[in-house]
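The residues making up each chain are set out below.
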Amino acid sequence: MTATRHGRFAPYLFLAPFLAVFAVFVAYPLAQSVVLSTRQMFGPTASTYVGLDNFRFLLQDPLFHKAVRNTLVFTAGSLFIQLPVALGLALLLDRPGLRGRNALRLVFFAPQLVGLVFLAVMASVIFQKRTGVLNQILEEVLGDRLGWVLQSGPWLDYPWLESQVMWALILSALWMYAGLNMVYFLAALQNVDRSLKEAASIDGAGVVRRFFAVTLPAITPVAGFVVLLSVVGSLQLFELPYILLNAGGGPDNQGLTIVTYLYQSGFETGDLGYASAIGWVLAIMLAVFTLLQRFVLRGRNA
Amino acid sequence: MKQQPPHTTTTTRAPRFGAGPGWLSYFSLGGWAVVVVALVSTVLVLLPDDRVEADVTLWTFAPPHARMYRPLLDEWEQDGSQGSVSIETLSLPALERRMLGGFMSGVPVADLIEAERRVASRAFGGPVESVGFLDLTDRLREDGLLEAINESSFGPWTYRGRVFGLPHDVHPVMLCYRADLVEAAGIDVGEIETWDDFARIMRPLMADNDGDGAPDRYLISFWPTYIDNIEPLILQAGDGLFDDDDMVRFATETNARVIATMATWVAGPDRIAADVPEFSAAGNKLKLDGYIVAALMPDWLSNIWRQQLPELSGKLKLMPLPAWEPGGRRTSVWGGTMLGIPKSADNPDELWQYAKRLYLSPELSRSLYTEGDIISPVRAHWDDPIYDTPDEFFGNQPKGRMYIDLAPEVPRRTSSPFNKMALERVQDALIRLSREVESDPGLSGAALRSRALELLREAENEVRARMMRNVIATGAAGGSAP
């Protein structure tokens, strides 16, 4: 009987280390951040209770609105540019008889191996005016053509990180994440029942028809997962603009994202209370997106 | 051949590590390597620390500072006039985090902290009592240092009328120009008094000799995206960003004229500026190519150019900044460092003696100049003949003396924690104005200045709204320790 009684406590004993770590490093900070979001801080130690004022100010803060807008634009870029490119690459690699498949897979996936920080540093060099690789190529290839884009000056001086900040971010993220998402899509494509495709083919379905009628429905669960990852990752965008735009939001805050603004508020302006409020609004946005996506997918599966 | 029964599986384990004793085969070769590394590193971590604890620890963010201080501190320790000092060099962000972490939570920090201007201002905010550094005002007054040190050098470390740091420098700004190009074109820089003169007299250097439709070079390294260049020029004009009570106030006629002029530097038909970043290989290449004629040059930056661009030795010269109006200020300020004593320090009186001895020593002043091109804020040291030495890098000009002559004119700065925010909003206004000039080249003169003032007003209102919202800063609430 003693053994049974001891056995009853055994799971809790095994769970205890995790629960202790969880309580100290997750639950307590989470609760503390709720408390912080009702306070205003200034300087290293001054702090005062302001109730919901942080949230009220957020609603009318033009910088926060700009950060939300920029983040949503980036998220749209991820969904409507990055994911189709990743799916396209996966379809390319899934073609039977493709030569050099492994080498191509490595090339597309390679940015993941070097990490986001390194890639952002590389991107900042690529997008440089005058000495940047992109402008040098554009100057060589286009010369004086497409002058209406430039307004004045040569391609060599085109200020990507001033005039096209969001495009620079989206292209850098495309470089970084298209390969990763491609792997997910490729795994899904390789699980599509070949006999279904063959049957559709025999029935006279062309490539496009086969893709929409057979392949896409078959990979929808994985696509849903990739969409969720992309949305969550995009809403949490921080390192890329932080490095690419030199720790700020870029000219006229064109590249300011929600998390960059959170960081600036908490660690540059020094108001951890306001930063906590931004963090909670971001958490709510993430929860809404996740629920929305589950709702859409459930409806589709039903 | 003997066949396997259909439902049996045979697992053939790869031979493990060698053919030695049985326990060796418990792990693979790689597994044993991991075990050995783990054991060795554990032993190394557990070994007793044989470092002798110094009497005083000092944090700095600048390796050159540490290199300058070390011989002096060693000498004083050896002659028995002072205890030992351990210098820890941290990157600026690391120093900022550790300093603020210490001030917020009470975890130990160094006895002396050398902080750059933007980092130090993070320690200011809320009531004076909540500042993490020791208030040095009375000590400075008693020792006569408020008069002995260049007055403007105290600005960034003065919060609500109290001084929290011992100044390290003055950092006057001059204009560095390519003397080889300017003199070859027969231009006399002595005729340049104002920025308008500069643009007019230097313009022949922007000729398109290679016929590609764009100027071969631009007159000045300046771009709205580089915020560090904007502040010195605003400060030079005189109005600054904050009033005497540290309330934001930058929407003035003077500042509007400054940013309107800057906008015409970077956009439209009168463009004279180019984006040549500092501290980068790309920027250095453009400088070597002669893509720009001139650049703002605080004393410390001249040392970086000397180290990174030795090819330009003898081709550069310095001159006072052109003024914004005839008879106006011919210099500005860029950068700054202080030495502070954390409030939590056990022995502030003793640390004050250490700080004074280091920062006020004539030997350090000489090292600052000979190794870092930085002039000391201690006025009594300005008579040192070292400052009159011709500098080969800058066309044998007596560079130190030229900076010192401008030092008393250096504008005073704020220590407001809102300074960065204000400066960013001014930068946004300048960027928007530059775009408008680019798209409407007819926007100039009074209309441009009026638009500049309008944009500055919008920006100022935004900063003011944030400042007013801060109930601790405005005194609407006393604030409390969390």
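Residues numbered from 1 in each chain as written. Chains lettered and ligands numbered in written order. Predicted model: local features only at pLDDT ≥ 70, side-chain atom pairs only at ≥ 80, totals over all residues.

> Looking at this model, I keep getting lost on the overall build of chain A. Mind explaining?
Counting secondary structure elements, chain A contains 14 helices and 2 strands. In summary, chain A has a C-alpha radius of gyration of 24 Å against a globular reference of 19 Å for 302 residues, an excess of more than 25%. Dimensions along the principal axes, computed over C-alpha positions, put chain A at roughly 70 × 65 × 35 Å. Out of the 302 residues belonging to chain A, those deemed buried represent 34%. Sequence-distant contacts, at least 24 apart, represent 71% of the contacts inside chain A between residues at least 6 apart. (Helix = DSSP H or I, 4+ residues; strand = E, 2+ residues; numbered from the N terminus. Rg over C-alpha atoms; globule rule 2.2 N^0.38 Å. Buried ≥ 20, exposed ≤ 12 C-beta atoms within 10 Å, placed from the backbone. Contact = placed C-beta atoms within 7 Å.)

> For this particular structure, what's the right way to read the domain arrangement of chain B?
A common way to express how large an interface is: the accessible area buried when the components associate. Residues and elements named next belong to chain B. The domains assigned to chain B are domain 1 (56–167 + 335–407) and domain 2 (173–332 + 411–469). Using only C-alpha atoms to locate each centre, domain 1 and domain 2 end up separated by 29 Å. Taken together, the 25 residues of domain 1 in the interface contact 24 residues of domain 2. Per element, the largest residue contribution to the side of domain 1 that touches domain 2 is 4 residues, and it comes from helix α15 (residues 399–406). In terms of residue class, the side of domain 1 that touches domain 2 is built from 11 nonpolar, 9 polar and 5 charged. (Domains from an automatic or database assignment. Nonpolar A, V, L, I, M, F, W, Y, C, P; charged D, E, K, R; others polar.)

> What is the right way to look at the sheet that holds strand β12 (residues 337–340) of chain B in this model?
Strand pairing in a sheet relies on backbone hydrogen bonds, with the paired strands running either antiparallel or parallel. Residues and elements named next belong to chain B. Spatially, the 5 strands line up as an open sheet ordered β2-β1-β3-β12-β6, and their pairing is mixed. Single-partner strands in this sheet number two, and they are β2 (85–89) and β6 (166–167). Sheet topology note: the strand β3 (residues 112–116)/β12 ladder contains 4 bridges and is antiparallel. Bridge assignment links Glu 116 to a residue of β12, and that residue is Thr 337. Running over the sheet, helix α13 (residues 348–359) touches β1 (56–60), β2, β3, β6 and β12 and is turned about 50° from β3. (Pairing = 2+ DSSP bridges. Axes fitted to C-alpha atoms, helices over the stretch in contact; angles between N-to-C directions.)

> Whenever I open this one, unusual backbone geometry confuses me. Can you help?
Working note: non-glycine residues mostly have negative phi, and peptide bonds are mostly trans. Residues and elements named next belong to chain B. The residue Asp 246 is not glycine, and still its phi comes out positive at about 65°. In this structure, Asp 246 sits in the loop between α9 (227–237) and α10 (253–266). Overall, Asp 246 belongs to the buried group, with 20 C-beta atoms counted inside 10 Å. Of note in the backbone geometry, Asp 373 takes a positive phi value of approximately 60° without being a glycine.

> Explain the interface of chain A and chain B to me, please; I cannot follow it from the model alone.
Listed by partner, the interface residues are 24 residues for chain A and 35 residues for chain B. Of all the elements in the fold, those that place two or more residues in the side of chain A that touches chain B are β1 (39–42) and β2 (46–49) of chain A. The greatest single-element share of the side of chain A that touches chain B, amounting to 3 residues, is contributed by β2(A). Along the lines of polarity and charge, the residues of the side of chain A that touches chain B split into 7 nonpolar, 12 polar and 5 charged.

> In this structure, what is going on with helix α17 (residues 445–469) of chain B? I would like to understand it.
Each turn of an α-helix holds 3.6 residues, which means side chains three or four residues apart point in the same direction. All names here are of chain B. For α17, spanning 25 residues, the distance from its first C-alpha to its last is 36 Å, which sits close to the expected 36 Å at 1.5 Å a residue. Listed as buried for α17 are Leu 448, Arg 451, Ala 452, Leu 455, Leu 456, Ala 459, Glu 460, Val 463 and Arg 466. For α17, the secondary structure elements touched by its buried residues are α10 and α16 (419–439). (Expected span 1.5 Å × (residues − 1).)

> Honestly, the environment of Thr225(B) in this entry has me stumped. Any pointers?
As for its position among the elements, Thr225(B) is in the loop between β8 (218–221) and α9. Thr225(B) gets classed as buried once you count the C-beta atoms within 10 Å, which come to 22. In contact with Thr225(B), other than residues within four places in its own chain, are Glu162(A) and Pro251(A).

> Looking at this model, I keep getting lost on the sheet that holds β8(B). Mind explaining?
Residues and elements named next belong to chain B. With respect to topology, 5 strands assemble into an open sheet ordered β9-β8-β10-β7-β11, the strand pairing being mixed. Edge positions in the open sheet fall to β9 (273–274) and β11 (316–320), since each of these has one partner strand only. One ladder, built from 5 bridges, connects strand β7 (residues 173–178) with β11; its direction is antiparallel. Directly across from Met 174, in β11, lies its bridge partner Pro 320.

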